[in-house]
2 protein chains.
Amino acid sequence: MQIAELEQRTGVNRHTLRYYEKAGLLQEVGRRGNNYRDYPEKAVERVAMVRQLKALGFSLREIREVLDALRSDSIDCEQGAVLMAEKKAAVDEKIREWKRVSALLGREQKRLEESAAALRQQGHCNR
Amino acid sequence: MQIAELEQRTGVNRHTLRYYEKAGLLQEVGRRGNNYRDYPEKAVERVAMVRQLKALGFSLREIREVLDALRSDSIDCEQGAVLMAEKKAAVDEKIREWKRVSALLGREQKRLEESAAALRQQGHCNR
DNA sequence: GTTGACCTTAGAGCATACTCTACCCTTTAG
DNA sequence: CTAAAGGGTAGAGTATGCTCTAAGGTCAAC
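K.L.:
I'd love a proper account of the interface of chain A and chain B, names of residues and values included.
P.N.:
On the side of chain B, 35 residues touch chain A, which itself brings 35 residues to the contact. Per-element tally for the side of chain A that touches chain B: the top contributor is helix 5 (residues 77–118) of chain A, with 25 residues. Of the residues in the side of chain A that touches chain B, the class split is 15 nonpolar, eight polar and twelve charged.

So, in structure tokens, the structure goes:
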């Protein structure tokens, strides 16, 4: 698959795809005789994974580490397992923090709604 | 409180504190006669909140929106409630995504551990 | 009154992650 | 053969979020 197709199927800018490749995030990129890149079918999924992890706040460096461990042919199983455990612990901690923020936002939302309701006929909200 | 104390109590670089102020994240910063900044006690808490939200991946712009709504003296209650609801929905979606990632990492960790155990006497891990 | 610690602003510099431009080569259609 | 579409690299430019430097004002102690 050429870069235009991968760009179209993933919605990721071709410049960004080449940037990801340079950053070591896309590793099975072949070349044809004319030096054009030739992506395997799996690249679509891999790019999607990169974008998902990115959306969650992983840096490209961290994403590379995780993807490398998932491929685990260059990395040792035990090392990979340790890395996964570390990342999972970090993720689980993040989930706990997010839950606290969600609860806070929920409380504030409720408070603002109540203020809005209470003051609807009395003019402006200023508690 | 002068900037050095706020820096020391929050662990945030003074340049960063001034940067946050410029970005509208710290709004009750007074000035003494000599033009030195004079932070209220609450600034410590506020900076901590900024850092927590930042660690969760909020941009400074988003943090400002949320903090503005929490202060809700410049913003309308209903608008504030809507903003909170939006942010909470985004946060809850993020929690679901994080949980998927956590599950994935957990599965991979387990797989790698099993590979490591199975291959401990047989040489290198290459599945 | 001068030293040294602390403050000020403006602006330079840096890392990350793109995003785009310039310029040139390859392929395909007419 | 040539034009258009698509590909390649190198490198410049942008946004965000710091982090630091330079040049200078303020203040408390000696």
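K.L.:
Tell me about the protein's contact with DNA strand D, residues and numbers included.
P.N.:
The immediate surroundings of DNA strand D are formed by 17 residues, with A4(A), R37(A), H15(B), N34(B) and S59(B) found nearest. Elements that contribute at least two residues to the surface near DNA strand D include exactly helix 1 (3–10) of chain A together with helix 2 (14–22) and helix 4 (60–71) of chain B. Its residues placed into classes, the surface near DNA strand D shows five nonpolar, eight polar and four charged.

K.L.:
I'd like a rundown of the packing of helix 1 of chain A against helix 3 (residues 42–55) of chain A, residues and numbers included.
P.N.:
Relative placement of two packed helices is described by the angle separating their axes and the distance separating the axes. Residue and element names in this part refer to chain A. Contact pair helix 1 / helix 3: the axes reach a minimum separation of 10 Å and the direction vectors enclose 45°. Taken together, the axes of helix 1 and helix 3 lie oblique to each other. At the point where helix 1 passes helix 3, the crossing takes the right-handed sense. Contacts from L6, R9 and T10 of helix 1 reach helix 3 at A43, V44, V47 and A48. Of the residues that constitute the contact of helix 1 with helix 3, the class distribution is five nonpolar, one polar and one charged.

Quick notes on the rules
- Residues numbered from 1 in each chain as written.
- Chains lettered and ligands numbered in written order.
- Predicted model: local features only at pLDDT ≥ 70, side-chain atom pairs only at ≥ 80, totals over all residues.
- Contact = placed C-beta atoms within 7 Å.
- Helix = DSSP H or I, 4+ residues; strand = E, 2+ residues; numbered from the N terminus.
- Nonpolar A, V, L, I, M, F, W, Y, C, P; charged D, E, K, R; others polar.
- Near = placed C-beta within 6 Å.
- Axes fitted to C-alpha atoms, helices over the stretch in contact; angles between N-to-C directions.
- Parallel < 35°, antiparallel > 145°, perpendicular 65-115°, else oblique.
- Left-handed = near helix turned anticlockwise from the far one by under 90°.

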